[in-house]
2 protein chains.
Amino acid sequence: MNSRPTLATVAELAGVSRQTVSNVISNPHLVAPITLERVRAVIAQVDYRPNTAARRLRTQRSFVVGARMTTDFDGISGYVLDHFLHAVTSAAQRVDLHILLYVADDAEAEIQIWDQLLAEGGVDGLVLAHTHADDPRTRWLSERKVPFVAFGRPWNNNGTHPGDHAWVDVDGCAGVRLATERLLELGHRRIAFLGWPEGSGVGDDRLGGYLAALAASDQDVEPLVRRCDGTVREATEVATELLADPELTAIVTVSDSLALGASTAVRECAPRQVAIVGFDDTPVARALDLSSVAQPVDIVADHCIDFLRAQIDAANARFSQAKPVNPADRQILIQPRLVERASSRSPN
Amino acid sequence: MNSRPTLATVAELAGVSRQTVSNVISNPHLVAPITLERVRAVIAQVDYRPNTAARRLRTQRSFVVGARMTTDFDGISGYVLDHFLHAVTSAAQRVDLHILLYVADDAEAEIQIWDQLLAEGGVDGLVLAHTHADDPRTRWLSERKVPFVAFGRPWNNNGTHPGDHAWVDVDGCAGVRLATERLLELGHRRIAFLGWPEGSGVGDDRLGGYLAALAASDQDVEPLVRRCDGTVREATEVATELLADPELTAIVTVSDSLALGASTAVRECAPRQVAIVGFDDTPVARALDLSSVAQPVDIVADHCIDFLRAQIDAANARFSQAKPVNPADRQILIQPRLVERASSRSPN
C-alpha cells in the first residue's frame, strides 16, 4: 500500500498546492475550471484514491448514511422496507454514498446508536422509516440539525401536518381509492374494507381512499368497515364474519397480510367467489393471484437520496453560505399503481 | 463537540500514557489487568468515545464489514439472502461491527468496489454469498489475505472440495433427504424431484438428498427427476407433465419458487391432491400451507461473524504472533429442519 500515490504526489505532478488537490476532491466549486481539469487528469493518471480515514478527518465527512435494519423479518409486512433498503443502497451508490446498517429495539436505543455514530463521525446522515406523530427521533435529529430523510410522512393525530423535515411517501389514500373505484367500475355494490385498528396514520389514510371512492360514486354504496390487527389469523376470522353477508362481493384490505387472511376465508367458503385487493404487491399477492396496490419503491429511494444528499452538502458547505430551504421543497408524495390480477373479478 | 473528553483527558485522569489508553481500546491483551480496570473506569466515568476517524488512522481498522446487496428483489428467491442480511446485521452489532452495503452487477464490479473500499480503509473484511467453483472473488481475496467469510460452500465441479477459506453453509442434501424420508414414511411410493438444471452446486446437492433417501429406503422406489429453471411458470409446466403420471403422489422441489409452480399445477388438476415440499420456508410457503425445508439463518449469521471477527483480530494482532489456522476450523455445515404443513399429506 505504501507505493500508492498520495495527495502530495498529485499536488507535485499537477503543480498545485496540496490544499488545491484537497479542494478538487471535496470542494470542487472553489477551484478554477482549468485547474480542476488538470488536477483531475493527474488523479486519473496515477489512480490516486483519497484515503477515507484521512479524508474523513479533513472533511469531517464519512460518505456513509445510516439506516435501521428491522429486526422482525417475515417477508410480508416487512417486504416494502426490505425492498426500499435494496433500492436505497443502489440510489446511494450512484452518488458515492454507502449505507451502514444498525439494529435497534426502540426509539431510545436508536437515538443512542445515532449519538455514538455521529459523535464518532461514522455517518453523515440518516434514512428513517416508520416515523410518527411526536416522534422523539425526528425531534432529536432536527434539534441537532442532523441531515435526515424519512420514508413516510410524520403522521400527527389528524393526519394533516406535513412536519418540518424532509420525507418521501406513497399516497396510500390514492392507491386504495384507485382499487375501490376499479371494483365499483366492475359492478361491485357491496364492498367491505378490512383495515388496521384506528389511530394508525398509514391505516387511516388508506381507509380514507376507500371512503372517498364510495362518497364520489354515483352509486349508493354504503361503507362497511371492519378492523383487525395485522395477523393473518385474525384477518381470516374477521373476513369469515364479513362473508356471512350474502350481498358482499368484494373486500379491499389495508395490507397483503390481511388480503391473505381474507383469501383464506374465501377459499374456506368455496365455491363462493369474492374479489380481494391487497396493498404492497408482495410475493404472497403474486403467488395467490391477488390484486394489490404497489408502492414505487425505486422512485421513493431516488428522492430520499436526493433530499439527503442536498442536506449533507449544505451542512458541509463551509465556504459557501447555505441557503435556507423551505421544508415543503423536500417533501414529496408518490402515486402508487394498482396491479390487477385474477382476484379482482367482476361480481357473479 | 469540543467539550467531549479526548484520549489525553482519559490518560491524564487515569495517570497513564496516551499509548496505554490507546492499547486499552485496541489491544487490551497488552495491558496489565489492574491498569485495564483503572483506565476503563475513567473511560466510563467521563463517557469517553474514541473518534472513529482518528481510531481508524491509529488502528488501521474501520470496524465495518462489507456485504453485497442483491439487485434483483422478488422476495422469494432472494428471501434467504435478505433474511441472512437481517441476521448478520444483528450478529455484527453484538460484537461492535456494522455492515456496509454495496451493489455490484458482476464479480468484476464487486472486486473493483472491494479494491476501493480496502484501499480507503472503509471495511475490515467481507461477507460473501453465492460463491462458486473457481470464483475469481474468493481467489482475489485469498491472495490479498483479506478477512472474509462466505455463506455457502465453494462448490467445485464434483461438489467435494471444501476450499481453503472460511464458510458457513446449510446442509441442503440433509434437508431434502429429511423431506423425502418423511414422504416415504407417510406411505408415498411415487415421489418426483423437481430441480434446477444440472451443474448448480446447491441444486445438485439437494437432489443428492432425494436420491440418498430413495436408495436407503427398503421400499423399491424409482427416482423420477425433472429439471427446470427457477421460474414459477416453467415449474408449473413441468409439474403439469409430471401429473400425467396417475401413480404420482408427491413432488419434492429444490426451492419454494418451484414448489409454488407445482402447487399451481396441482390446483389446476383439482380435485387431485399431491403432496408438495419446498425449500427455504418463505412467506409464500406459509401462505400456501406448503411444507418446506427451513435454513436456520440466525445460526449461520452468528458463525459467519465469529469466523470473520477472528480473522480481523488476527490480521490486526500486530504485537502478538497470529497462529496459523486450519481452514477446516472455520468451515461449518448447519443442519436444516423440515417445517411440515398441510401440503405434506398422506397419499389418498
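Everything quoted here is computed from the prediction, not taken from an experiment.

Quick notes on the rules
Residues numbered from 1 in each chain as written. Chains lettered and ligands numbered in written order. Predicted model: local features only at pLDDT ≥ 70, side-chain atom pairs only at ≥ 80, totals over all residues. Heavy atoms only, no water. Buried < 20%, exposed > 50% of the residue type's maximum accessible area, 1.4 Å probe, protein only. Helix = DSSP H or I, 4+ residues; strand = E, 2+ residues; numbered from the N terminus. Pairing = 2+ DSSP bridges. Right-handed = clockwise from strand over helix to strand, strands pointing away. Arc of directions from axis to C-beta. Polar contact = N/O pair within 3.5 Å; in protein donor to acceptor, adjacent residues only side chain to side chain. Domains from an automatic or database assignment. Contact = heavy atoms within 4.5 Å. Buried area = accessible area lost by both parts, 1.4 Å probe. Phe/Tyr/Trp six-rings, centres within 6.5 Å; stacked < 30°, edge-to-face > 60°. Axes fitted to C-alpha atoms, helices over the stretch in contact; angles between N-to-C directions. Parallel < 35°, antiparallel > 145°, perpendicular 65-115°, else oblique. Left-handed = near helix turned anticlockwise from the far one by under 90°. Nonpolar A, V, L, I, M, F, W, Y, C, P; charged D, E, K, R; others polar. Salt bridge = Lys/Arg side-chain N within 4 Å of Asp/Glu carboxyl O.

(A) Representation of the pairing of strand β3 (residues 125-129) of chain B. Residue and element names in this part refer to chain B. Along β3, 5 of the 5 residues are buried, which leaves the element largely enclosed by surrounding structure. Burial of β3 is two-sided: the residues G125, V127 and A129 facing one way and the residues L126 and L128 facing the other way are all buried. For strand β1 (residues 64-68) and β3, the ladder comprises 3 bridges, and the chain directions are parallel. Considered in β3, the bridge of G66 is made with L126. The pairing of β3 with strand β4 (residues 148-151) spans 4 bridges and is parallel. Bridged to L126 within β4 is F148. With helix α7 (residues 136-143) bridging β3 and its parallel neighbour β4, the resulting β-α-β unit is right-handed.

(B) Quick peek at helix α1 (residues 7-14) of chain B. Residues and elements named next belong to chain B. Burial in α1 covers these residues: L7, V10, A11 and A14. Viewed end-on, α1 has its buried residues packed into an arc of 100°, placing them on one side of the element. Every exposed residue of α1 that faces more than 90 degrees away from the buried side is listed here: E12 and L13. Of the residues flanking the start of α1, the one acting as N-cap is T6, its side-chain oxygen 3.2 Å from the backbone nitrogen of A8. Following α1 by one or two positions, G15 adopts a phi angle in the positive range, close to 65°.

(C) Looking closely at the domain arrangement of chain A. Residue and element names in this part refer to chain A. Taken domain by domain, chain A comprises domain 1 (7-49), domain 2 (64-170 + 298-334) and domain 3 (172-295). On a C-alpha basis, the centres of domain 2 and domain 3 stand 31 Å from each other. With 9 residues of domain 2 in contact, the opposing surface of domain 3 contributes 14 residues. When the two sides are added together, the surface that domain 2 and domain 3 hide from each other amounts to roughly 930 Å², 64% of it contributed by carbon and sulfur.

(D) Expanded view of the packing of aromatic side chains. Residue and element names in this part refer to chain A. Applying the stated criterion across every chain yields a total of 6 aromatic pairs over all chains. Summarising the aromatic geometry, the rings of W114 and W140 are spaced 6.1 Å apart at their centres and angled 40° between planes, so their arrangement reads as tilted. Residue W114 is found in helix α6 (residues 107-119), and its partner W140 is found in helix α7 (residues 136-143); the two are separated by 26 residues along the sequence. Residue W140 is classed as buried on the basis of its relative accessible area, which comes to 12%.

(E) Spatial organisation of the packing of α6 of chain A against α7 of chain A. All names here are of chain A. It is the contact of α6 with α7, at a shortest axis distance of 9 Å, that shows an interaxial angle of 25°. The pairing of α6 with α7 is recorded here as roughly parallel in orientation. Judged by the sense of rotation from one axis to the other, the crossing of α6 with α7 is right-handed. Only P136, R137, W140 and L141 of α7 make contact with α6, whose side of the interface consists of A107, E110, I111, W114, D115 and L118. Here the contact of α6 with α7 is built from residues that sort into 7 nonpolar, no polar and 3 charged.

(F) Highlighting the sheet that holds strand β4 (residues 148-151) of chain A. Taken in spatial order, the 12 strands make up an open sheet running β11(A)-β5(A)-β4(A)-β3(A)-β1(A)-β2(A)-β2(B)-β1(B)-β3(B)-β4(B)-β5(B)-β11(B), and their pairing is mixed. Edge positions in the open sheet fall to β11 (331-334) of chain A together with β11 (331-334) of chain B, since each of these has one partner strand only. Neighbour-to-neighbour, the strand axes of the sheet open up by a mean angle of 20°, direction not taken into account. Where strand β2 (residues 98-102) of chain A meets strand β2 (residues 98-102) of chain B, 3 bridges bridge the pair, whose relative direction is antiparallel. In the sheet register, I99 of chain A faces β2 of chain B, and the bridge partner there is L101 of chain B.

(G) Expanded view of the pattern of salt bridges. Taken as a whole and assessed by the stated rule, the structure comprises 26 salt bridges over all chains. Between E181 of chain A and R177 of chain A there is a salt bridge; the shortest N-O distance is 2.8 Å. Of this pair, E181 of chain A and R177 of chain A both sit in helix α8 (residues 172-185), separated by 4 residues, roughly a single helical turn. Since its relative accessible area comes to 31%, E181 of chain A is described here as partly exposed. Residue class for R177 of chain A comes out partly exposed when judged on its relative accessible area of 31%. R144 of chain B is the partner of E143 of chain B in a salt bridge, and the nearest nitrogen-oxygen pair spans 3.6 Å.

(H) Geometry of unusual backbone geometry. Residue and element names in this part refer to chain B. Even without a glycine there, the phi angle at F63 is positive, about 60°. When you line up the elements, F63 lands in the loop between α4 (52-59) and β1. Unusually for a residue other than glycine, H130 sits at a positive phi of about 55°. Mapped onto the secondary structure, H130 falls in the loop between β3 and α7.

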